[in-house]
Amino acid sequence: MTSLRIEDVFADVSGGRTFVRRWLPALPVTGVPIVLLHDSLGSVEQWRDFPAGLAERLQCEVIAYDRPGFGRSTPRHDAPSLDFIADEARSHFPVLRAALGLGDFGLLGHSVGGAMAVVIAATHADSCRFLVTESA
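Predicted model, so just to flag it, every value in this text is computed and none were measured.

Describing the packing of aromatic side chains
Then, in step 1: Taken as a whole and judged by the stated rule, the model has 3 aromatic pairs.
Then, in step 2: Judged by centre distance (5.9 Å) and plane angle (25°), the rings of tryptophan 47 and phenylalanine 50 are stacked.
Then, in step 3: For tryptophan 47, a relative accessible area of 11% translates into the label buried.
Then, in step 4: Among the residues examined, phenylalanine 50 registers a relative accessible area of 36% and is labelled partly exposed.
Then, in step 5: One Lys or Arg, arginine 17, reaches over the ring of phenylalanine 10 and ends 4.2 Å from the middle of that ring.
Then, in step 6: Lying across the ring of phenylalanine 70, arginine 67 places its NZ or CZ 5.2 Å from the centre.

This is the structure in structure tokens:
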């Protein structure tokens, strides 16, 4: 097993701060990180040991974040819009991506996070290198 560094950071975004966890292998074999998008009521913590195993196995950076109102991110004071899936791609993800300095990226989304990943991939097709969705 190689060593992984785990970083917890907060990215400043409009309306507050987004909690982000990064799993960073000592010697990554690719510069394309995998961004995980959690399910409808999930958070970084619900991924458990999956991101660490993925980073170890693929030797690439894995990033997970709590959407606004979830986990350790700033609480929401309003209800999400009926178009919250597309809002993630249009509004939140680009700001978070800039705050994290992400160029090219891959996406892995679970459940509603999978739908968000599809819209993000379509919206940012010039930088999204791959897309994986799953639901259990």
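Still to come is the rest of the account.
Observations concerning the nonpolar core
Then, in step 1: Formed by 18 residues in total, the largest nonpolar core has its most connected members in Val35 and Leu107.
Then, in step 2: Contributing elements (two or more residues each) for this core: strand 3 (34-37), strand 4 (62-65), helix 2 (84-100), strand 5 (105-110) and helix 3 (112-123).
Then, in step 3: Not counting the four nearest positions on each side in its chain, leucine 107 is found in contact with Val35, Leu37, Phe93, Ala117, Ile120, Ala121, Cys128, Phe130, Leu131 and Val132.
Then, in step 4: If you look at the next biggest cluster of nonpolar residues, it comprises 12 residues, including Trp23, Leu36, Leu54 and Cys60.

Observations concerning the pattern of salt bridges
Should their charged atoms come close, side chains of opposite charge can pair.
Then, in step 1: Enumeration according to the criterion identifies 9 salt bridges in this entry.
Then, in step 2: Its salt-bridge partner being glutamate 7, residue arginine 5 comes within 2.9 Å of it at the nearest N-O pair.
Then, in step 3: You can call arginine 5 partly exposed: its relative accessible area is 48%.
Then, in step 4: For glutamate 61, the salt bridge is made with arginine 22, and the minimal N-O distance between the two is 2.5 Å.

Considering the pairing of strand 5
Then, in step 1: Extensive coverage of strand 5 is indicated by the burial of 6 of its 6 residues.
Then, in step 2: Neither face of strand 5 is open: one carries Phe105, Leu107 and Gly109, the other Gly106, Leu108 and His110, and all of them are buried.
Then, in step 3: Sheet analysis places strand 3 next to strand 5, joined by 4 bridges and oriented parallel. What sits directly across from leucine 36, in strand 5, is leucine 108.
Then, in step 4: Across 6 bridges, strand 5 lies against strand 6 (residues 128-134) in parallel orientation. Paired with glycine 106 across the bridge in strand 6 is phenylalanine 130.
Then, in step 5: Considered for its hand, the β-α-β crossover made up of strand 5, helix 3 and strand 6 is right-handed.

A few points about the sheet that holds strand 4
Then, in step 1: Within the open sheet, the 6 strands sit side by side as 1-2-4-3-5-6. Their pairing is mixed. Pairing within the sheet leaves two strands with one partner each, and these edge strands are strand 1 (4-13) and strand 6. For this sheet the average axis-to-axis angle between neighbouring strands, irrespective of direction, equals 20°.
Then, in step 2: Running at roughly 160° to strand 3, helix 1 (residues 50-58) makes contact with strand 1, strand 2 (16-25), strand 3, strand 4 and strand 5 of the sheet.
Then, in step 3: Packed on one face of the sheet, helix 2 meets strand 1, strand 2, strand 3, strand 4 and strand 5 and runs near 120° to strand 1.

Scoring rules and cut-offs
- Residues numbered from 1 in each chain as written.
- Predicted model: local features only at pLDDT ≥ 70, side-chain atom pairs only at ≥ 80, totals over all residues.
- Heavy atoms only, no water.
- Phe/Tyr/Trp six-rings, centres within 6.5 Å; stacked < 30°, edge-to-face > 60°.
- Buried < 20%, exposed > 50% of the residue type's maximum accessible area, 1.4 Å probe, protein only.
- Lys NZ or Arg CZ within 6 Å of the ring centre and 35° of its normal.
- Core = buried A, V, L, I, M, F, W, Y, C linked by side-chain atoms within 4.5 Å.
- Helix = DSSP H or I, 4+ residues; strand = E, 2+ residues; numbered from the N terminus.
- Contact = heavy atoms within 4.5 Å.
- Salt bridge = Lys/Arg side-chain N within 4 Å of Asp/Glu carboxyl O.
- Pairing = 2+ DSSP bridges.
- Right-handed = clockwise from strand over helix to strand, strands pointing away.
- Axes fitted to C-alpha atoms, helices over the stretch in contact; angles between N-to-C directions.

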